[in-house]
Amino acid sequence: MQSATRISAGLLTGVLTLLIAAVFVLMAVTAHRQIVTAFNRQTVAGLAQSALTRAEIATDYAVIKLGELGEAGHTDCDAEAVAALNNAVFQSGSIKDILTAHDGVICSVAMNNETLTRNYRDPVDSMPARDPKIVLNPVRMRTSSAVAVTLKFDETALATALVNTESLVFDILPAAFRDSGAIKLSLTNGRTIGSFEGPQWEIGGDAEMFEVKSTRYPLVVRIHVPARLMHELNMERNPATEASVVALALLIAYLVARGLVSRPNSANHIRQALRRGEIVPYFQPAYDVASGEMTGFEVLARWPGRDGMKMSPAAFVPLIEANGWSGDLLELMIAKTAQSMRSVTETAPHVKFAFNASPAQFSESGFPAWLDDVLKRADLDPGRVVIEITEREEICCVDKARRSIEALRALGIEVAIDDAGTGHNGLASIQRLGAAILKIDKLFIDGIAQDPRARALVQMLVDVAREFGMKTVAEGVESEKELAALHQLGVNEVQGFFLCKPLDADNAILELAHHQAVLARGRMREAGGTAEAGTQPAKCA
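Each value, and the rule that gives it
Residues numbered from 1 in each chain as written. Predicted model: local features only at pLDDT ≥ 70, side-chain atom pairs only at ≥ 80, totals over all residues. Heavy atoms only, no water. Axes fitted to C-alpha atoms, helices over the stretch in contact; angles between N-to-C directions. Helix = DSSP H or I, 4+ residues; strand = E, 2+ residues; numbered from the N terminus. Parallel < 35°, antiparallel > 145°, perpendicular 65-115°, else oblique. Left-handed = near helix turned anticlockwise from the far one by under 90°. Contact = heavy atoms within 4.5 Å. Nonpolar A, V, L, I, M, F, W, Y, C, P; charged D, E, K, R; others polar. Pairing = 2+ DSSP bridges. Phe/Tyr/Trp six-rings, centres within 6.5 Å; stacked < 30°, edge-to-face > 60°. Buried < 20%, exposed > 50% of the residue type's maximum accessible area, 1.4 Å probe, protein only. Lys NZ or Arg CZ within 6 Å of the ring centre and 35° of its normal. Disulfide = S-S within 2.5 Å. Expected span 1.5 Å × (residues − 1). Arc of directions from axis to C-beta.

(A) The arrangement of the packing of helix 17 (residues 452-467) against helix 18 (residues 480-489) in detail. Between helix 17 and helix 18, the shortest axis-to-axis distance is 10 Å and the interhelical angle comes to 40°. Judged by the angle between their axes, helix 17 and helix 18 are oblique. Crossing handedness for the pair helix 17 and helix 18: right-handed. Here helix 17 contributes R455, V458, Q459, V462 and R466 to the contact with helix 18, which in turn contributes A485, L486, Q488 and L489. Classifying every residue of the contact of helix 17 with helix 18 gives 5 nonpolar, 2 polar and 2 charged.

(B) Representation of the sheet that holds strand 14 (residues 385-390). Pairing within the closed barrel is mixed, and its 8 strands lie in the order 11-12-13-14-15-16-17-18. Packing of helix 17 onto the sheet brings it into contact with strand 15 (414-420), strand 16 (437-440) and strand 17 (471-474), and relative to strand 16 it is tilted by some 175°.

(C) Layout of the packing of helix 10 (residues 326-340) against helix 13 (residues 367-378). Contact pair helix 10 / helix 13: the axes reach a minimum separation of 9 Å and the direction vectors enclose 30°. Here helix 10 lies roughly parallel to helix 13, going by the angle between them. Classified by chirality, the crossing of helix 13 by helix 10 is right-handed. Listed contacts from helix 13 to G327, L330, E331, I334, A335 and A338 of helix 10 are F367, W370, L371, V374, L375, R377 and A378.

(D) The packing of aromatic side chains, seen in detail. According to the stated counting rule, one finds 7 aromatic pairs in the structure shown. Aromatic pair F283 and F353: ring centres 6.3 Å apart, planes at 75°, arrangement edge-to-face. Linking F283 in strand 11 (residues 280-288) with F353 in strand 13 (residues 352-357), this pair joins segments that are 70 residues apart in sequence. An identical accessibility class is assigned to F283 and F353; each is buried. Between F297 and F353 the ring centres are 6.0 Å apart and the planes differ by 20°, which places this aromatic pair in the stacked class. Of this pair, F297 sits in strand 12 (residues 294-302) while F353 sits in strand 13, and the two are 56 residues apart along the sequence. Owing to a relative accessible area of 2%, F297 belongs among the buried residues under this scheme. Above the ring of F170, the side-chain terminus of R178 is found at 4.9 Å from the ring centroid.

(E) The state of the cysteines, seen in detail. The final tally for this structure, using the stated rule, is 1 disulfide. Between the sulfur atoms of C77 and its disulfide partner C107 the distance amounts to 2.3 Å. A torsion of -100° about the S-S bond marks the disulfide between C77 and C107 as left-handed. Taken together, the residues C77 in the loop between helix 2 (28-71) and helix 3 (79-91) and C107 in strand 2 (residues 105-108) connect sequence positions 30 residues apart. Relative accessible area serves as the criterion here: at 21%, C77 is assigned to the partly exposed category.

(F) The arrangement of the environment of I509 in detail. By secondary structure assignment, the location of I509 is in helix 19 (residues 505-527). Taking relative accessible area as the criterion, I509 reaches 23% and is therefore assigned partly exposed. Here the alpha-carbon distance between I509 and V344, two residues 165 residues apart in the chain, equals 7.0 Å.

(G) Molecular detail of helix 14 (residues 398-411). Taking 1.5 Å of rise per residue, the 14 residues of helix 14 would be expected to cover 20 Å, and the 20 Å separating its terminal C-alpha atoms lies within 8% of that figure. V398, A401, S404, I405 and L408 are the residues of helix 14 that are buried. Viewed end-on, helix 14 has its buried residues packed into an arc of 120°, placing them on one side of the element. Immediately downstream of helix 14, the backbone of G412 shows phi near 95°, a positive value.

So, in structure tokens, the structure goes:
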């Protein structure tokens, strides 16, 4: 019956593919223009989001620095406080001055102190953040725009940082948009705190606007690009492009047809796969940057499928989360890991296993007790377990999540913040959660060896983690240059395809043994005086 159903579904998918592809081919030119225009718009929207992320991280960093000054009591303008202000400004590239005020007594240290003094005495167009203790004001820093970020400690004390927001947007626009485009960073009340206009930009001309707003701060980024440019850029076609249009039409038609035929049964298929244990763990090694030791594995869900084809996690994990089966998936991954990696748990006590959990699970009061029961049934030591909570989804209740993390820590389980700096919660919330590990997303690792801006963002995340007493793990390392740069920046651990791709259990066990053998030979050579200075993780066999 299932075989007949598959054949029928395959025939229907094939017929629909041919029909839809025929329509796409007849509309090839129109489709090409629409696709390229959509790509252009997506590119500009991505630039706007990148600029907003920069502004949010700079504001996060300012709030953290101000909070540290307040907690240390450096608001009374004595010699120690002034030294602390100087040190905070010196350590930051974006903070140009810091002002503190306590019972009406104010002090600041940098050359721009008049800017913050005027803002303190006569604040203009104040805009509160989602946290009402944080207020942003537009200010002028000599000839450029800036923002004053104020953190109120109580009714008598506050601290304000002068953040150079003009520099955050200066290099956002690429060459294709730079001459005739414009970008503006402003507060939600319309006051500009950073802008760039190309030499051919025409105010009032026919242009498309792309806008993104922060959910945590009163920040808005708007990018204006001439409509003509949006419809002309990348529109050149050649025979290879024409062939690509036809191929793309067939591909899209197949994907649409497959979605129309299989979508109604996708959830049932996934549920059955969970019950049968068809979804299996794959293991991606993580390595200590300083010693080269393999410290553990991130456990990733893979669905081989009965036909031998592996289904992408992007296709089934969101459906599992949407249907409330995240707990079933986590329990299955723990049970299969404990079973298949028993030799590792018995012979390599330093190796840990990192499992993924959703923010919604951390908000459930019974999650720590449930997880403890799952680990006991699987006979997996909690001290060997790391639970990763993604930062891409908003944590609805930080206090509940923090209590869950405290309960897990009491059981011996470490908690890692995954995809740090990419989501809704911000660096300030990471401090409140009290996690032990900060995982730096591949988004920030790409280009770290060549792009000083990417390097600065990673350095900021490493510094924040170090201040919070957290270990850092860099994801998505794809080259030796990236590995060397991360070593220089002080990242503790790394993982990525450059070092080793995710492996099934048997190959993961072999890779651990191979890696330990490589390190042992290296130590023997070093003991004999033949090894080169320095140690770094060895790549997969």
